[in-house]
Amino acid sequence: MERKLVVRTCAGLCLAACAFVPQLAAQGAGQAGAPASSTATAPVEEKQYDLLLKGGHVIDAKNNVDAIRDVAIKDGKIAKVAAGIPANSAIKTVNVTGLYVTPGLIDMHVHVFWGLTKDDYAGGDWAVAPDGVTLRDGVTTVVDAGSSGWRNFETFKERVIDRSQTRVLAELNIVGAGMGSGPIEQNMADMDGEKTAEMALKYPGVVVGIKSAHFNGPEWFPYEQAVKAGTIAHIPVMIDFGARRPERPLYQLLEEKLRPGDIYTHMYGGSRGEQDPETGGPGKGMWEGRKRGIYFDVGHGQASFLFSVAVPLIKAGFIPDSISTDIHSDNLNEGLKDQLTTADKFLAMGLPLKEVIAEMTWHPAVEMQQTQLGNFSEGAVADVAVLNVHHGDFGFIDGAGAVLKGHERLECELTVKDGKFVYDLNGRAGEPWDQPPGAAAKQAKKWTSLRIPTGLQRPMNPEMAARMARFPRRWQPYETDANGKSTLKAAAKLPPPGVKRPKLDVPPPASTWAKPPYDSWPAKR
């Protein structure tokens, strides 16, 4: 019986994962008469595509696709989107019938410069590690909205951007020290458009914008410096307008200060003049800003999204350009939760799914000038979210704790980044535990970054081989004959659903004992 090995197919981690798997003992140990592995020695069949997602409902705003299509991927890029692509044309084909297939989601307002500093976004505990809150939600790209400034961006890049599986882009804070508590963001002496632009130009394609946030003073200086930096670096400026001040009204920001293509976030916050106090509709300057080409971003945050603002503005036709979370440690378990929950709220307020998906894919890609993302054009980066829409009775919470009822909830089934699976909720792309790995597993590193049984074995050095040869081979749930046919062993057969398990005369788990085992310990000193 051939020996199987579980490896992590992610590039760079394969050897490390293999080193700790006991069943590596076979190869290199010089076991006489051990049969050669047919899985390992069989020739690899060349395929036209690496991965094929078949039968899903594709929504691609850039290319105006809203229909059942197959999505083929090759070498980390979109190779083809069409109906009826043959299943055998790809190394790995996954049936996604009944699910929605969209470009990888882009959350363009997050705070992920996490670290040990107390009460801080710049290397502090208010930020979150990206990979734990993104890939499981179909989010493959995030834009950190001003957590770092020109003084500490390179630390952010080394600690977080370069180490994350999620694609992390950044807007530089106009404050050199970045975003934090206390006087940090009020320090106009540390707001330097020239130095901020210089750092942005040093890292094109990673620094994709400039951010001004949380300023409480009456001056226009922070916003003028942010626009200066954005103009030099030719990248957009995002504004969190801070405290409301009569000396610098919102309408003047939108009508005069910002450039077409700049971004106003927290559009449904309502605390800075976004809402007309008489009609409930858009406040002064909102429509004028939109006519000028200002982008309006949700930026849900902890308290920057209210249904009492969003519902009447949407009813008046003032919908978002982009849906984003402003995710940080204080809102993970409150109303925000995550990107898909934020999207659910807009479905509950009546926006069609096609529009909601556009506001999390192609629209933010355009706003950030990263048009290689957020679409399924041939040659585009192969980031994909496969989503399920559940129907029922759900409740969604805003930044004030108010609840809106809805009947649709999005859930991510699969996430693909750069052509490889990085999240699989229900094992749709996995290998069955009770069968030998299939042919696709031999080329798993071409289509997945997840750990799967591959059946592949790697050579061991003589010392390791001799050590592992002292142990028996790992038990496998199946037997494979000379013709490659596999039979499931009796011990691996699960009883049919509903069949009561036989009572076995075995020692009970220690957790069920009347007296816990530690009662036998000597008294503590």
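Residues numbered from 1 in each chain as written. Predicted model: local features only at pLDDT ≥ 70, side-chain atom pairs only at ≥ 80, totals over all residues. Heavy atoms only, no water.

Quick word on the overall build of the protein
- The number of helices and strands found in the protein is twelve helices and 20 strands.
- In terms of its C-alpha atoms, the protein occupies a principal-axis envelope of roughly 85 × 75 × 50 Å.
- When burial is assessed residue by residue, the protein has 51% of its 525 residues classed as buried.
- Relative to all contacts within the protein whose residues are 6 or more apart in sequence, the contacts with residues 24 or more apart total 72%.
- Both charge centroids of the protein, one from 59 positive and one from 61 negative side chains, sit 9 Å from each other. (Helix = DSSP H or I, 4+ residues; strand = E, 2+ residues; numbered from the N terminus. Buried < 20%, exposed > 50% of the residue type's maximum accessible area, 1.4 Å probe, protein only. Contact = heavy atoms within 4.5 Å. Lys, Arg positive; Asp, Glu negative; His and termini not counted. Charge placed at Lys NZ, Arg CZ, Asp CG, Glu CD.)

What about the pattern of salt bridges?
- Under the defined criterion, the tally for this structure stands at 19 salt bridges.
- Between Asp-262 and Arg-259 there is a salt bridge, with the nearest N and O atoms lying 2.8 Å from each other.
- Judged by its relative accessible area of 0%, Asp-262 is buried.
- By relative accessible area, which is 21% here, Arg-259 ends up partly exposed.
- Several salt bridges share partner residues, and in doing so they unite Arg-167, Asp-383, Lys-417 and Asp-418 into one network. (Salt bridge = Lys/Arg side-chain N within 4 Å of Asp/Glu carboxyl O.)

Section: the sheet that holds strand E14 (residues 295-296)
- Taken together, seven strands build an open sheet; the order of strands is E7-E9-E10-E11-E12-E13-E14 and the sheet is parallel. One side of each edge strand has no neighbouring strand; the edge strands of this open sheet are strand E7 (105-110) and E14.
- Judged from the four bridges that link them, E7 and strand E9 (residues 139-149) form a sheet pairing that is parallel. The partner of Leu-105 across the bridge, within E9, is Val-139. (Pairing = 2+ DSSP bridges.)

A word on the nonpolar core
- Core analysis: the largest hydrophobic core is formed by 79 residues, its most contacted members being Phe-153, Phe-156, Leu-253, Tyr-268 and Phe-346.
- Leaving out residues up to four positions away in the same chain, Phe-346 has contacts with Tyr-268, Val-298, Phe-305, Ile-314, Pro-320, Ile-323, Leu-351 and Val-356.
- Among the nonpolar cores identified, the runner-up in size contains 26 residues, and Val-71, Ile-73, Ala-441 and Ala-444 belong to it. (Core = buried A, V, L, I, M, F, W, Y, C linked by side-chain atoms within 4.5 Å.)

Quick notes on the packing of helix H4 (residues 193-202) against helix H5 (residues 221-233)
- Between H4 and H5, the shortest axis-to-axis distance is 8 Å and the interhelical angle comes to 35 degrees. H5 is crossed by H4, and the crossing has right-handed handedness. On H5, the residues that touch Gly-193, Glu-194, Thr-196, Ala-197, Ala-200 and Leu-201 of H4 are Gln-225, Lys-228, Ala-229, Ile-232 and Ala-233. (Axes fitted to C-alpha atoms, helices over the stretch in contact; angles between N-to-C directions. Left-handed = near helix turned anticlockwise from the far one by under 90°.)

Considerations on the pairing of E9
- The element E9 is largely enclosed, with a buried count of eleven among its eleven residues.
- Handedness of the crossover is the feature at issue here: the chain leaves E9, passes through helix H3 (residues 153-159), returns alongside strand E10 (residues 167-173), and the resulting connection is right-handed. (Right-handed = clockwise from strand over helix to strand, strands pointing away.)

A look at helix H9 (residues 339-348)
- Among the ten residues in H9, nine count as buried, and that is most of the element.
- Turning to H9, its buried residues number three or more, namely Gln-339, Leu-340, Thr-341, Thr-342, Ala-343, Asp-344, Lys-345, Phe-346 and Leu-347.
- Trailing H9 by a residue or two, Gly-350 shows a phi angle of about 105 degrees, which is positive.

Comments concerning the packing of aromatic side chains
- Evaluation of the coordinates by the stated rule reveals 17 aromatic pairs.
- Their ring planes at 55 degrees and their centres at 5.2 Å tell us that Tyr-223 and Phe-241 sit as a pair that is tilted. On the criterion of sequence distance, the pair formed by Tyr-223 in helix H5 and Phe-241 in the loop between strand E12 (237-239) and helix H6 (250-257) is long-range, its members being 18 residues apart.
- Since its relative accessible area comes to 1%, Tyr-223 is described here as buried.
- Plain terms: the ring middles of Tyr-518 and Trp-521 are 5.8 Å apart, the flat faces sit at 55 degrees to each other, and that makes the pair tilted. (Phe/Tyr/Trp six-rings, centres within 6.5 Å; stacked < 30°, edge-to-face > 60°.)

Side note on the side chain of Asp-137
- By the secondary structure assignment, Asp-137 is in the loop between strand E8 (114-117) and E9.
- This buried residue, Asp-137, is left without a salt bridge; Arg-136 holds the nearest opposite charge, at 7.3 Å.

Notes on the environment of Val-133
- With respect to the element layout, Val-133 can be found in the loop between E8 and E9.
- On a C-alpha basis, the gap between Val-133 and His-328 in space is 9.9 Å, while along the polypeptide they are 195 residues apart.
- Discounting chain neighbours no more than four positions away, the residues touching Val-133 are Val-128, Ile-327 and Leu-332.

Structural notes on the side chain of Thr-166
- Structurally, the position occupied by Thr-166 is in the loop between H3 and E10.
- Reaching out from Thr-166, the side chain makes a polar contact with the side chain of Asp-131 at a distance of 2.6 Å.
- When neighbours within four sequence positions are excluded, Thr-166 is seen to be in contact with Pro-130, Asp-131, Thr-134, Leu-135, Thr-140, Thr-141, Val-142 and Lys-417. (Polar contact = N/O pair within 3.5 Å; in protein donor to acceptor, adjacent residues only side chain to side chain.)

Examining the confidence of the model for the protein
- Mean pLDDT for the protein: 91, with 92% of residues reaching 70 or above.
- Low confidence marks residues 1-40, where pLDDT is under 50. Its contacts with residues over four positions away, or in another chain, come to 93 contacts. (pLDDT = per-residue confidence, 0-100.)

Concerning unusual backbone geometry
- Despite not being glycine, His-234 shows a phi value in the positive range, around 60 degrees.
- Positive phi values are uncommon outside glycine, yet Lys-337 reaches one of about 75 degrees.
- Locating Lys-337 in the fold gives a position in the loop between helix H8 (307-315) and H9.

A word on H5
- Spanning 13 residues, H5 covers 18 Å between terminal C-alpha atoms, matching the ideal 18 Å at 1.5 Å per step.
- Every buried residue of H5 is accounted for by Pro-222, Tyr-223, Gln-225, Ala-226, Val-227, Ala-229, Gly-230 and Ala-233.
- In this structure, the buried residues of H5 make contact with H4, strand E11 (207-212), E12 and H6.
- His-234 sits one or two positions beyond H5 and adopts a positive phi of about 60 degrees. (Expected span 1.5 Å × (residues − 1).)

Observations concerning the environment of Gln-225
- For Gln-225, the position within the fold is in helix H5.
- Judged by its relative accessible area of 13%, Gln-225 is buried.
- As a C-alpha pair, Gln-225 and Ser-212 span 13 residues in sequence and 9.0 Å in three-dimensional space.
- With sequence-adjacent residues up to four places away left out, Gln-225 is seen in contact with Ile-174, Met-191, Asp-192 and Gly-193.

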